[in-house]
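# Commentary on secondary and tertiary structure
So you can see what is in the structure, the chains are spelled out below.
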Amino acid sequence: MAKGVSVFKDPEKTLYPKLPDVPDLKEGDRGLVRTKLHTFTADDPVGPKLHWDPIHRADQDPWKDFREIMRIEWKMEITYRHCLGKYSKFFIELENKKFYATECPKCGFVWAIPRPVCPDCLEITTWKELPGTGTLESYSISEFVPAFMKVELPYVLAMVKLDGADSLFTHQLRNWGTDRSKIKTGMPIKVAYTKEPVNHPLLSMWFEPA
Ligand SMILES: [Zn+2]
């Protein structure tokens, strides 16, 4: 298995080299787009680190062309408006450090992740606050995530059965330390809430060992 690298802690070890410093675009600077265009070949995310050579990679790399990247980098300022619909309450309450699920008035099933309508009974559900504790039911450890996911590696994706809920909730497990053998199904888990501003409401929370 390839050893995980953090895109934050060690920028020298990321797949993508640091771009040369080119001045920011100003109005009328049409040529700057071409100036800022930077072409490079990204590292193979799996090959060399695995010492695995099924197609005689040492001599040639048949996928090199596919990893050629053209990148432009400049500052953008964008205001996003997220429309969360029926899930709004869930995300708003996360900011209040409260964890909400929905309960079916007919069968009593408690859905976390919340569902506006019970898929079994087609009844409109009602909101129900949960204590935010639970048990790790399943998990996977990922050594590689897409570059847009700004997370440290390895990334642990956990499926948690929250106390008071009947379904499983999938989200990142953080703060589990450095010894991955301590991550075990059945271990107690709690919901943790961010204190920092986040790029998406879903990042307002994560799981960690209780
Ligand atoms: Zn139901």
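Residues numbered from 1 in each chain as written. Predicted model: local features only at pLDDT ≥ 70, side-chain atom pairs only at ≥ 80, totals over all residues. Heavy atoms only, no water.

Protein ligation of the zinc ion involves Cys-104 (SG), Cys-107 (SG), Cys-118 (SG) and Cys-121 (SG), the donor distances falling in the range 2.2 to 2.3 Å. For the zinc ion, the four donor atoms in the first shell make angles of 104 to 114° at the metal, so the coordination geometry reads as tetrahedral. Of note, the donors binding the zinc ion are all from one chain and are spaced C-x2-C-x10-C-x2-C. Of this pair, Cys-107 sits in the loop between β3 (99-103) and β4 (110-111) while Cys-118 is found in the loop between β4 and β5 (126-130), placing the two residues 11 residues apart along the sequence. A relative accessible area of 41% means that Cys-107 is categorised as partly exposed. Look at Cys-118 and you get buried, because its relative accessible area is 0%. (Donors = N, O, S within 2.8 Å, 3.2 Å for Na, K, Ca; no water. Tetrahedral: all angles 85-135°; square planar, octahedral: opposite > 155°, others 65-115°. Helix = DSSP H or I, 4+ residues; strand = E, 2+ residues; numbered from the N terminus. Buried < 20%, exposed > 50% of the residue type's maximum accessible area, 1.4 Å probe, protein only.)

What follows is about the environment of Gly-85. As for its placement among the helices and strands, Gly-85 is situated in the loop between β2 (68-71) and α3 (88-95). Its relative accessible area of 46% is what places Gly-85 among the partly exposed residues. Considered as a pair, Gly-85 and Pro-116 are 31 residues apart in the sequence and their alpha carbons are 9.8 Å apart.

Turning our attention to the pairing of strand β8 (residues 168-173). As defined by bridge partners, strand β7 (residues 155-162) adjoins β8 across six bridges and the pair is classed as antiparallel. In the strand pairing of β8, Lys-161 is matched with Leu-168. Linking β7 to β8, which pair antiparallel, is a turn of five residues; within it Gly-164 sits at a positive phi near 95°. (Pairing = 2+ DSSP bridges.)

The subject of this paragraph is the side chain of His-171. Mapped onto the secondary structure, His-171 falls in strand β8. There is a polar contact of 2.9 Å between the side chain of His-171 and the backbone oxygen of Leu-202. Side-chain polar atoms of His-171 contact the backbone oxygen of Met-205, separated by 3.2 Å. If sequence neighbours within four positions are ignored, His-171 has contacts with Val-156, Leu-157, Ala-158, Leu-202, Met-205, Trp-206 and Phe-207. (Polar contact = N/O pair within 3.5 Å; in protein donor to acceptor, adjacent residues only side chain to side chain. Contact = heavy atoms within 4.5 Å.)

Turning to unusual backbone geometry, a few remarks are in order. A cis amide bond links Ala-112 to the next residue, Ile-113, at an omega of 25°. As for its placement among the helices and strands, Ile-113 is situated in the loop between β4 and β5.

With that settled, consider the pairing of β7. Along any regular strand, the residues point their side chains to alternate faces of the sheet. Looking at chain direction, strand β6 (residues 133-142) and β7 are connected through eight bridges and run antiparallel. For Thr-135, the partnering residue across the bridge sits in β7 and is Lys-161.

Before going further, it helps to examine the confidence of the model for the chain. Residues at a pLDDT of 70 or more form 80% of the chain, whose mean pLDDT is 82. A low-confidence stretch, residues 1-11 stays under pLDDT 50, and its non-local contacts, those more than four residues away or across chains, total 18 contacts. (pLDDT = per-residue confidence, 0-100.)

Next up on the list: the packing of aromatic side chains. For the coordinates displayed, the defined rule picks out seven aromatic pairs. With 5.2 Å between their ring centres and 75° between their planes, Phe-90 and Phe-91 make a pair best called edge-to-face. Across the pair, exposure class does not vary: Phe-90 and Phe-91 are buried alike. Taking the centre distance of 4.2 Å and the plane angle of 40° together, the rings of Phe-109 and Trp-111 count as tilted. A network of ring pairs unites the aromatic residues Phe-90, Phe-91, Phe-99, Phe-169 and Phe-207 as a single cluster. Taking NZ or CZ as reference, Arg-174 lies 4.1 Å from the ring centre of Trp-206, over its face. (Phe/Tyr/Trp six-rings, centres within 6.5 Å; stacked < 30°, edge-to-face > 60°. Lys NZ or Arg CZ within 6 Å of the ring centre and 35° of its normal.)

This paragraph deals with α3. Looking only at α3, the buried set comprises Phe-90, Phe-91, Glu-93 and Leu-94. Buried residues of α3, seen end-on, are gathered within an arc of 165° and therefore sit on one face of the element. In α3, the exposed positions angled more than 90 degrees off the buried face are occupied by Ile-92 and Glu-95. Turning to α3, the residues buried within the fold contact β3, β5, β8, β9 (188-193) and β10 (205-209). Immediately downstream of α3, the backbone of Lys-97 shows phi near 60°, a positive value. (Arc of directions from axis to C-beta.)

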